[in-house]
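# Structural overview
For reference, the chains in residue letters:
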Amino acid sequence: MMRLQGKIALITGGGSGIGEATAKTFAREGATIMIADRDEAGAARVASEIKAAGGGAEYVTVNVAKPSEVERMVQTTADRFGRIDVLLNNAVYTGVGRVADLALDEWQRTLDVSLTAYFYATKLVLPIMVRQRAGVILNTSSTAGLVSDYKLAAYAVVKAGVIALTRNTAIEYARKGIRCNAVCPGSTETPGFMRTLARPRGFKETFASHIPIGRFAQPSEIANVMLFLASEEASFVTGACIVADGGFTAHSGNPYVPGQGPDWE
Ligand SMILES: NC(=O)c1ccc[n+]([C@@H]2O[C@H](COP(=O)([O-])OP(=O)(O)OC[C@H]3O[C@@H](n4cnc5c(N)ncnc54)[C@H](O)[C@@H]3O)[C@@H](O)[C@H]2O)c1
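Everything in this summary refers to the structure shown in the same document. (Residues numbered from 1 in each chain as written. Predicted model: local features only at pLDDT ≥ 70, side-chain atom pairs only at ≥ 80, totals over all residues. Heavy atoms only, no water.)

### Notes on the site of the ligand
To keep it simple, the criterion reads: Whether a residue is near a molecule or strand depends on its heavy atoms: it is near if one of them lies within 4 Å of it. Polar contacts, as counted here, are pairs of nitrogen or oxygen atoms within 3.5 Å of one another; within protein the pair requires one atom able to donate a hydrogen and one able to accept it, and residues that are adjacent in sequence qualify only if both atoms are side-chain atoms. Under the convention used here, a 1.4 Å probe and the Shrake-Rupley method define accessible areas, while residue burial counts only the protein chains that appear. Only DSSP runs of H or I with at least four residues qualify as helices, and only runs of E with at least two residues qualify as strands; both kinds are numbered from the N terminus onward. Each residue receives one of three labels: charged for Asp, Glu, Lys and Arg, nonpolar for Ala, Val, Leu, Ile, Met, Phe, Trp, Tyr, Cys and Pro, and polar for the others, Gly being one of them.
Neighbouring residues of the ligand: 30 residues in total, closest Ser16, Asp37, Tyr155, Thr188 and Thr190. One nitrogen or oxygen atom from the side chain of aspartate 37 is found 2.6 Å from an oxygen atom belonging to the ligand. Relative to its unbound accessible surface of 840 Å², the ligand loses 92% to contact with the protein. Of all the elements in the fold, those that place two or more residues in the shell around the ligand are α1 (17-28), α4 (104-132), α5 (153-173) and α6 (191-196). If you tally residues by element for the shell around the ligand, the top one is α6, at four residues. Of the residues assigned to the shell around the ligand, the class counts are eleven nonpolar, 14 polar and five charged.

Laid out in structure tokens, this is it:
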């Protein structure tokens, strides 16, 4: 028995990385996917790869920073399929800079793409799910919503905001048959993240060595958490933020006394 048989899933940022892996995982479990991405080539590729594997998928090109385009994305999906069972808010933009150096327009763009778009898509999809008396909303947060990294205040704020939005959506719609959960991935080997670690040479390996499990997540490992949350197996899970980070946030981050570190050093 497939776990998402007959379901319609709308996935923002579905043209790459975690969104792509989740789209393919959901499709393998019987869902039909609407890939929503600003990158038309990526969205078209993922949709055609899903179809080639025997699944159902279409795509819509959208810049989620623009409210009118979020409206069109939701309307197109509802018109095409007559329902929306799963919404995954996942697209991201990240402005970078220390707090005093971060440009206001970079801060604003980060909020537009990575928080306001999540709110607005959720707001527009909720009435559809309320009518259906069923639905699942998933939000991609990050360990960055729980702990901070240098020059990433804007990212930390949107990812913490996503967790708060998840909780509010969950408690307000729990009696309408709608569940809302967030996933907090740790470092995951996606095209987007790997680009940021490309330099200097060898940095990727240093970075991975700070994760207790000793490696990055594969996008499919995050997609599996999404699948659990989207499926009926998670019927009592709402308002949660599931951390999948190879033990990264389990560690305090304190340096260790020489000789008292992990056994692999
Ligand atoms: N990769 C990681 O290590 C990691 C860790 C924690 C959280 N995350 C989160 O996972 C999500 C996906 O990240 P990823 O690593 O797969 O990134 P990615 O760059 O590989 O994919 C992101 C996709 O979003 C699309 N996108 C960006 N801006 C958009 C916009 N304005 N409108 C529509 N689509 C847009 C891009 O075109 C791209 O296809 C993000 O929310 C990210 O913050 C990633």
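Next comes the rest of the account.
### A few points about the packing of helix α3 (residues 67-81) against α4
For any two helices packed against each other, one specifies the crossing angle of their axes together with the interaxial distance. We apply this condition: In this analysis an axis means a line fitted to C-alpha atoms, helices contributing only their contacting stretch, and an angle means the value between N-to-C directions, from 0 to 180 degrees. Any angle between 65 and 115 degrees counts as roughly perpendicular, while under 35 counts as roughly parallel, over 145 as roughly antiparallel, and the rest as oblique. Handedness of a crossing is defined here by the sense of rotation of the near helix relative to the far one, left-handed for an anticlockwise turn of less than a right angle and right-handed for a clockwise turn. We call two residues contacting when some pair of their heavy atoms lies within 4.5 Å.
As a packed pair, α3 and α4 sit with axes 9 Å apart at the nearest point and diverge in direction by 30 degrees. For the element pair α3 / α4, the angle class is roughly parallel. Like other packed secondary-structure pairs, α3 and α4 cross with a definite hand, here right-handed. Across the interface between the two elements, Pro67, Val70, Glu71, Met73, Val74 and Ala78 from α3 touch Tyr120, Ala121, Leu124, Val125 and Ile128 from α4. Counted by class, the contact of α3 with α4 contains ten nonpolar, no polar and one charged residues.

### Quick word on the environment of proline 262
Rules: Throughout, exposure labels follow a simple rule: accessible area from a 1.4 Å probe, protein chains only, divided by the maximum for the residue type, with under 20% read as buried, over 50% as exposed, and the rest as partly exposed.
Structurally, proline 262 is set in the segment after β7 (241-244). Proline 262 gets classed as partly exposed once you look at its relative accessible area, which sits at 26%. Separated by 178 residues in the primary sequence, proline 262 and isoleucine 84 place their C-alpha atoms 47 Å from one another.

### With respect to α1
An α-helix turns once per 3.6 residues; consequently, residues spaced three or four apart project the same way. How we decide: Here a helix's expected span is defined as the number of its residues, less one, multiplied by 1.5 Å.
The terminal C-alpha atoms of α1 lie 17 Å apart, and with twelve residues this matches the ideal 16 Å at 1.5 Å per residue to within 8%. Buried residues dominate α1, accounting for ten of its twelve residues. Listing the buried residues of α1 in full gives Gly17, Ile18, Gly19, Glu20, Ala21, Thr22, Ala23, Thr25, Phe26 and Ala27. Positive backbone phi, approximately 100 degrees, marks glycine 30, located one or two places after α1.

### A short note on the side chain of aspartate 85
Mapped onto the elements, aspartate 85 comes out in the loop between α3 and β4 (86-89). Within the structure, aspartate 85 has its side chain in polar contact with the side chain of arginine 83 (distance 2.6 Å).

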